Each structure stands twice: as structure tokens, then as C-alpha cells.
Amino acid sequence: MASRGRASPDHPDSRGRASPDHPGNGRGTGSSTARAAVLGRIRAATRTEAAQPMTVPRDYATRSPLAGPAVTDRFAERVAEYRASVHRIAPGEVAERVVVLARERSARRIVVAPGVPEDWRPDGIELVADRSLASSVLDGIDGVLSGCALAIAETGTIVLDGTARSGRRALTLVPDWHACVVSADQVVGSVPEAIAGLREAATAGRPLTFVSGPSATSDIELRRVEGVHGPRRLDVLLVEG
Amino acid sequence: MRVALFVTCLVDTLFPRAGIATVKVLERAGCEVEFPADQTCCGQMHRNTGASVEAARLARRLPDVFAGYDVIVTPSASCAATVRETTDLGVFELSEFLVRELGVEDVGASFPHRVTYHPTCHSLRALRVGDAPLRLLRAVRGLELVELPEARECCGFGGTFAIKNADVSLAMLDDKLRCVRETGAAVCTAADCSCLMHIGGGLRRAGDYVRTLHLAEILAS
Amino acid sequence: MKVGDPQLRRNLRAATRGIRQKRNAVVAEVEDWEELRVAGEAIKRDAMGRLDVLLEQLEDAVTRAGGKVHWARDAVEANAVIGDLVAGHDAREVVKVKSLTTDEIELNQALERRGITAIETDLAELIVQLSDDWPSHILVPAIHRNRSEIRDVFARELGLEGLSDDPEELTDAARRHLRQAFLRARVGVSGANFGIAETGTVGVVESEGNGRMCTTLPPVLITVMGIEKVLPAWRDLEVFLQLLPRSSTGERMNPYTSLWTGVSEDDGPGEFHLVLLDNGRTRVLADEVGRDALHCIRCSACLNVCPVYERVGGHAYGSIYPGPIGAILTPQLRGIPGDADELPWASSLCGACADVCPVKIDIPRLLVHLRSRVGGSDPALRLMGWAMAGRRRFEAAQLGRVPGMRTGIGMGAWTKGRDLPPPPRETFRQWWRRTRG
């Protein structure tokens, strides 16, 4: 069952529907036997069940009761509780704020997500374009500037969706400082609204990352320590107006 | 109102005073109490220990034993829960019956002592009697009610658990007794004689002055 | 079960009570918590009812997105698949995110036997691994260790002299040590909190960022997922992303949740393998009552309220899954009769677990059900059951006239720490007959 390295786009294993006769994964007879066995066991175990889906009672709230500026306020409040820093600014102030923060964070070089608009990009600090930079190179860069797909007020969460504006995943993971621009109209009230808003991205198979504060652990005597492997500093630039 | 008393095998055999007190309290509240003598046991112990055949046999007897009674009252929260789960009979634990069915909180009792109340797991989670026992206790003349710290923690009885896992059961009992002592109460009460047997047994072994009394015994004073 | 040593019990009590309070606070904020639990339970029940269809859908969606799906009947098979994949890439090490499923199949040991090192990257798992120990709590596996013990382990195993026992310094040491591993690793291994059949999305919910590291940086990713983790629809995440973080770490949302589908061009691993694991789950599924244990989302809320777990600790359950969920899952996974038959008895049936379970698993009901499957009910009790089934026999037994009755049941264990109640002068019914006729 040895792998043959990265499957090329034309390799029958990596694309294309799994037909009923195809083992479904090109691994050979071993796994297709296992597949048949497991499915067989499941069918034997549940033979008394109806094949139709059960109705799931969804009486929970699918929308936040908050609206308008209250949503943005809640988001700012909740993010601050995670000890990420929130900066509420006007449109056009992004670039200058990034410079100020970079100075505070002693960041000289930052990588920029490719879809970040021109007017977010500050002068006075070295900007590195992401040309499939190796992770070890990213490790030597002080910070990253990106946008996001949306944000959730209730939980103080930012969602990155792997598009140009969010950047590929490694970008917002390896550098120690993440400055993320969230526009007020990107903030939704609740988790259900966020999941609905991300359906398209999910269906298109884009990788999604939910970020709620800087990374943390409570593994040593349950004392919460911030900053393990993700960026230890997270600055949220909340653009309103 | 005519009610049947389901006294339960434990109370019948080892804690008759709780049963007698239950009768007294119900009569004071204006009920006509009858005791169908064919009653024996609800089968809880058997049900919980996987002796399902014996448990079913005992549960099957109940509708005949209590035939003709719309209302059955019992001094045991755990037995009330069991009967509700295994039959369609209208059974109530004493405190929920008094407070929620009869709307009575003052049963004319007088008990001038400091008392703490332990909410047993069945009364708390299976029956959800809520604060019914506390309302009844607060209406007792002269009674000083002290809140039990960490009240919702299980006392460690758990039926045969107390024997099969005696060490853990006793560790849990230790913590419960510590909390009881912290209240400075003279009496610890509850809606289940089973838990009180365990708590009381621990207090007596320690030579403690704190007594255990079933809720009904206080209400009948 | 044996009561744990005082240090363990102190650590556990502090830990569990702390998380409990946080959990209660964030749950109290959620007005529709009950409705979410009801939905969560229904989604899981629905999923178990059509598990085969959903797994095929998931496989299809993952495959179309460029991933490869493997099926494993048991631990041996899963470890073989994974070992072959790693060896096939000429990799001698993998970086791993904490995954109970991989602990369950003892993947690390299997890889070790093939000369492959599995580097644990969760801080607690790193501690457990470096001290050659075993996790004692689903969520906080090193809860049984205090900071100076951890400092000693790091100093010794990572060669770090002069390290203090300050948690921040310890964490920083771990960060620097592991970053090198993340950057050089060619293969990452993870578990999965769920796999969405509708879209092929696989997800990992975490706090430290090592999950992101392992699922993003290495060019090859292998994810091991228990078959019961499949969820029918994308929409279902809106329920579980609320239930899980609040129940497990007592947060509104955990720091990082990573969701990916197959492979993405120029973003993350170019090769993704999903290993679907049975390893006894279909056995659990075959018990119409017991199968509710498969609804578990591994939040550990039940552990944090269990009076038995608090006093005996995780190791006492002899399994990766301790506490209330362990008591109902492990015996079924291992098979009954089996070496976990004692577990359903390790409970006072207090019900605190059922109150906090985010998917409403009726753990006490399942414990009782499993007690009848594993056996072990007392013969003296059965004798009592016979006696109680008739009025006259009952009354005779009350008066001690049935041999072996009154003292039949383990009186030795009772009187170990408690007095027996003094025998009353008359039974209730004797009083009733005497006074009421």
C-alpha cells in the first residue's frame, strides 16, 4: 500500500468520482476489503433503522438578537476579552495604524496577504510579497497583514478562508504577529450566521480557519498561558464607517 | 383527597418512623391515607444492578397493588423516580406532592433546631423537586435552615455502589460529612432514607452528635 | 476501584472544579442551550442511523477534492496503512496533534516499531510522552503533574538547564523545541473532531496552534477519524461549534478551529489521507441502547462533574476514555465479555454527567443497561427479588425468616466505614396493622 508521492492532477486516484467498482482510493484490494467489511458491519448493526434522515428539531436561535452597531461593539468587546488587541479605526487609517503597531511590536518586515488592497499597505516598513515562501522563510518574518472572510461577534472570532485577502494558511500561522483587518460589515452576530455565510467557501473546498484570540494552553496546573504555536500577538483592526 | 401510601421496602423494614411521619403529615394536610398491604418493592435496586428479570417482575405487580388509586405518595424520591419510569402510575414524592399538588408549604410543624438539607441525586436530577423541600422546611416554626456547602455533590450511596465500590463511596461520604459539619447543624435531612442511612451511618461511626432525620419526620413534629 | 493518591486528587479536584465553573458561566450565557443540546442529540442519532450512507458521501466528497480515503477495520489495520504511507515517503518522523483516536490505536508505538518517531506536539501530550506516562484526562492529559514535575521532565529530556518552573517559561521552551519539528516535518498526523458528509470538510478544534501547524505545514497530512465522527450536513457545524467549546474548555470559542477539504492548490499539504476507523465502533452500533455512546463529541464535561472520576483519576479506568463516557464506551469497544466489564459498576448513578452532556447522552441509563450485559449482579439481591415478589414472602423476609436475607448483601463492605442502622422494634406495616387495623 505504498504511496507513490504527490498524486498528479491526471492520476486517477486523486480526482474523479469513485465508481462502485473502483476501491475508491486506489490503494489496492486491502483497503477495499476493509471498506466492504466496515460498511457491511454498519448495515448489519443498523438494519432496523429507516434509511430516511430523521428530522432534526432546530429550535435554537439562528440569528443574533443584536443588530447594527451593537454587533460591532459586541465583537470588539469579545475579542478584547481574549487579550487580542482591538483597534477601532476609520477607513483609510489602516496603513498608518499598521506602522504604529509594527513599531510597538518591533516588527521590521511583514508579509502581506496577496489580496490586501493597496491603501492598506504602509510605507516605512518592509513588505514582503507571498510568492509561495517556504515555511522556514516565514519563520524569519516578523508579522503578517491580512484581511478575513468574516467575523463573529458573539464569540469574538475571525474566520480566514484561504482566499487572496485572507492569505494561504501558513501565512497567518508562522509569523509571531498577525494584524488582521476586519471591516464592520463583515461582522455577523452569531455562529449560525457565520456558518451560513461560509457555506459557499466550504462547498468550494476552501480551507477555513477560525481564530479566537492568540493561542493558549492551560496544560500546566491549569494556568492559562498565551502564545504557544500560533501567533502570540494578534491585532484586530476593526474598520468602521 | 384519598391517597395511597407507597412506603417502600427500605422505610417499611428499617426506617418505619419516616413512614409513620409521612402518614401524619399527609393527614394534617387533609388527605385520607390508605396503605395497600400487598405492596412490597419497586425494584429499583434490581433495575440498577442489571437484574432486569427481577426488576420487571416487581414493577409488574405495582398497577394491581395500587389499583383504584389515582394518587400515590411516597417518602422516597428514588422510588418515585423508578415507579414513574416503569409504570404509568401517578406517584409523587412527599415534598413535591405537598407543595406542587396541594399547594401547601406550612404543615403546622414545629422543630426548633438547626437543620441542613441534602438534595439527593434522585430528588435533584430525576424528579427535579427543586426547592419544594426547602419551602416546607422554611415554614417549620423555630427551624433554623442552614445551606449545605457543595450540596449537589452525590453523597456516595448509589445503591450497591456503596458496597461494590466501598472505598470510593466512603471517600465521597467523607466530603459530604465535612460539609454537613461545616453547617453546625444538629440535624441533616433529605428526601431519601437510603442516602440518610449512608450519611447517618458515617456520622454514627464517627461518634458525631449530628443526627439524620427524614424530611417527613421534621414535618410531622 | 482504588481511590487515588492525595496529590492526584488535589490536582484533579482543582482542575475539574475550575473548568466546571467556567463551563457553567459560558453555558448560562446561552439562552437556547437546551435547544442546541436537543439538536445535537438528534443530529447524532440521525447520523448513526445512516452511518453507511454518510460515510460513503464523505468518502466521495473528500476524494473529489483530491484527498484519499482509507478504511481500517481495527487498530492493526489502521497502523499498517499509516505506517506504509509514512514509510512510502521515506519519512522517519511525523508531527502529531493530540488525537484520542490515535492513542486508542496506539499509533505511536506501532510507528516506533517501524523506526518512525511520532513527535507529540500538544504541550500536555509532550509532557506525557517525555515522561513516558499515560494521559489521565481527555482534555488536560497531564493534569496529574504539577509544574515542578514538568520542569524536571523538560530539563532532563530536552536538555534544558536552568529552566524555572514558571508555566510561561516552560511553555516557551516547548514552543521553541517544537517549532523546529513543525518546520522540518514531511508528514503530519491528526485526528478529527468531525467530518462533514455533505461537503467533505474535516475539522480539528484546538487551543495551542499545533493543530494548525500539523495540518498546514508538512506536505503530507494523515488524519485518523473514528467513523462515528461523521456529521450529515455543513449546517450541523453551527450546533457543534457552540456545544463543544463551551462544554470542554468553558470558552465561547476555542482559539483555533481548522476546517479543510481534500487538498487545496498552493495552500497546505499537497497530499491528504483520511483513515476511517472502526476498531469496535460497529460493535457499539449493534447495541440499540448502547450505541448512544457513539454520540460523544469528546468534550470531557462529564469527567469534570463525576465524583468517582475526581477520586480515582483517569488511569483507574484503564483506557484512553476515562470517566462516565469511558465507563459506557470502553466496555462496548472492547467487547462484552471483556476486560472492561467492571467499568459500568464504577458509578453511583448520581446523574451529574447526564445534566452536562452537550448531546444529552443518558449515561446513567446506559450504565444500567451495560450492567445487565456484563453481569455481576449479586445473587443475594436476586434472592431478595424473589422474596419481594409476594406479600407473605416479603413480610417473612422482613422479620428475618428467610435464610440469608437480612445479612445477605456484603455487610462487611458497608461496615468498613459506616454503622448499620439500629433495627426498629416493629416494621411500618406492623405499626399500621396495630394502630389502624
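Residues numbered from 1 in each chain as written. Chains lettered and ligands numbered in written order. Predicted model: local features only at pLDDT ≥ 70, side-chain atom pairs only at ≥ 80, totals over all residues. Heavy atoms only, no water.

**Overview of the overall build of chain C**
Helix and strand counts for chain C come out as 21 helices and 10 strands. C-alpha extents for chain C along the principal axes are approximately 90 × 55 × 45 Å. The buried share among the 437 residues of chain C stands at 68%. For chain C, the share of sequence-separated contacts (at least 6 apart) that also reach a separation of at least 24 residues comes to 75%. For chain C, the accessible area works out to roughly 14,300 Å², and carbon and sulfur atoms hold 48% of it. In chain C, the 57 positive side-chain charges and the 60 negative ones have mean positions that sit 11 Å from each other. (Helix = DSSP H or I, 4+ residues; strand = E, 2+ residues; numbered from the N terminus. Buried < 20%, exposed > 50% of the residue type's maximum accessible area, 1.4 Å probe, protein only. Contact = heavy atoms within 4.5 Å. Areas by Shrake-Rupley, 256 points an atom, 1.4 Å probe, with all protein chains shown as cover. Lys, Arg positive; Asp, Glu negative; His and termini not counted. Charge placed at Lys NZ, Arg CZ, Asp CG, Glu CD.)

**What to know about the side chain of Asp 208 of chain B**
As for its placement among the helices and strands, Asp 208 of chain B is situated in the loop between helix 11 (193-205) and strand 8 (211-214). In this structure the side chain of Asp 208 of chain B is engaged in a polar contact, spanning 2.4 Å, whose partner is the side chain of Arg 181 of chain B. (Polar contact = N/O pair within 3.5 Å; in protein donor to acceptor, adjacent residues only side chain to side chain.)

**Some thoughts on the pattern of salt bridges**
Residues and elements named next belong to chain C. Throughout the structure, instances matching the rule amount to 75 salt bridges over all chains. Close ionic contact of Arg 176 with Asp 172 constitutes a salt bridge, the shortest N to O distance being 3.0 Å. Of this pair, Arg 176 and Asp 172 are both found in helix 9 (residues 167-184), four residues apart, which corresponds to roughly one turn of the helix. (Salt bridge = Lys/Arg side-chain N within 4 Å of Asp/Glu carboxyl O.)

**Concerning the environment of Val 33 of chain B**
Turning to its location among the elements, Val 33 of chain B is positioned in strand 2 (residues 32-34). A C-alpha to C-alpha distance of 6.5 Å links Val 33 of chain B and Leu 5 of chain B, two positions 28 residues apart in sequence. Once residues within four sequence positions are removed from consideration, Val 33 of chain B is found in contact with Val 3, Leu 5, Val 23, Leu 26 and Glu 27 of chain B together with Trp 432 of chain C.

**Re the domain arrangement of chain C**
Where interface size is quoted, it is often the accessible area lost as the parts come together. Taken domain by domain, chain C holds domain 1 (33-281) and domain 2 (379-436). One C-alpha centre belongs to domain 1 of chain C, the other to domain 2 of chain C, and the line joining them spans 54 Å. (Domains from an automatic or database assignment.)

**Looking at the arrangement of the chains**
Sorting the two pairs of chains in contact by contact count puts chains A and C at the top. Across all C-alpha pairs, the smallest distance from chain A to chain B is 22 Å, and the two are not in contact.

**Here we look at the packing of aromatic side chains**
Summed over all chains, the structure comprises 10 aromatic pairs over all chains. Pairing Phe 92 of chain B with Phe 97 of chain B gives two aromatic rings, centres 5.7 Å apart and planes at 45°, and the pair type is tilted. Of the two residues, Phe 92 of chain B and Phe 97 of chain B, neither departs from the other in class, the shared state being buried. With a centroid separation of 6.3 Å and 35° between ring planes, the pair formed by Tyr 309 of chain C and Tyr 317 of chain C is classed as tilted. A relative accessible area of 0% means that Tyr 309 of chain C is categorised as buried. Judged by its relative accessible area of 4%, Tyr 317 of chain C falls in the buried class. Clustering of aromatic rings is evident, with ring pairs tying together Phe 35 of chain B together with Phe 428, Trp 431 and Trp 432 of chain C. Over the ring of Trp 345 of chain C we find Lys 164 of chain B; its NZ or CZ atom is 4.0 Å from the centre of that ring. One residue, Arg 393 of chain C, lies across the ring of Trp 386 of chain C, its end atom 4.5 Å from the ring centre. (Phe/Tyr/Trp six-rings, centres within 6.5 Å; stacked < 30°, edge-to-face > 60°. Lys NZ or Arg CZ within 6 Å of the ring centre and 35° of its normal.)

**Notes on the nonpolar core**
Formed by 111 residues in total, the largest nonpolar core has its most connected members in Phe 210 of chain A together with Leu 241, Leu 274, Leu 276, Ile 328 and Ile 361 of chain C. Look past the residues within four positions of Ile 328 of chain C in its chain and what remains in contact with it is Ala 293, Ile 361, Ile 363, Leu 366, Leu 367 and Leu 370 of chain C. Counting residues in each nonpolar core, the second largest holds 65 residues, with Ala 151, Cys 155, Leu 219 and Ala 220 of chain B among its members. (Core = buried A, V, L, I, M, F, W, Y, C linked by side-chain atoms within 4.5 Å.)

**Describing the domain arrangement of chain B**
All names here are of chain B. With domains assigned, chain B is organised as domain 1 (2-101) and domain 2 (114-219). A separation of 21 Å is found between the C-alpha centroids of domain 1 and domain 2. Interface area, domain 1 with domain 2, both sides summed: about 1,900 Å², of which 70% is carbon and sulfur. Taken as a group, Ala 77, Ser 95 and Val 99 account for 21% of the area that domain 1 buries against domain 2, more than any other trio of residues on that side. Joining domain 1 to domain 2, the criterion identifies eight residue pairs in polar contact (both at pLDDT 80 or more). Broken down by secondary-structure element, the contributors of at least two residues to the side of domain 1 that touches domain 2 are helix 1 (9-14), helix 2 (16-28), helix 5 (77-86) and helix 6 (94-101). Taken together, the residues of the side of domain 1 that touches domain 2 sort by class into 14 nonpolar, six polar and six charged. (Buried area = accessible area lost by both parts, 1.4 Å probe. Nonpolar A, V, L, I, M, F, W, Y, C, P; charged D, E, K, R; others polar.)

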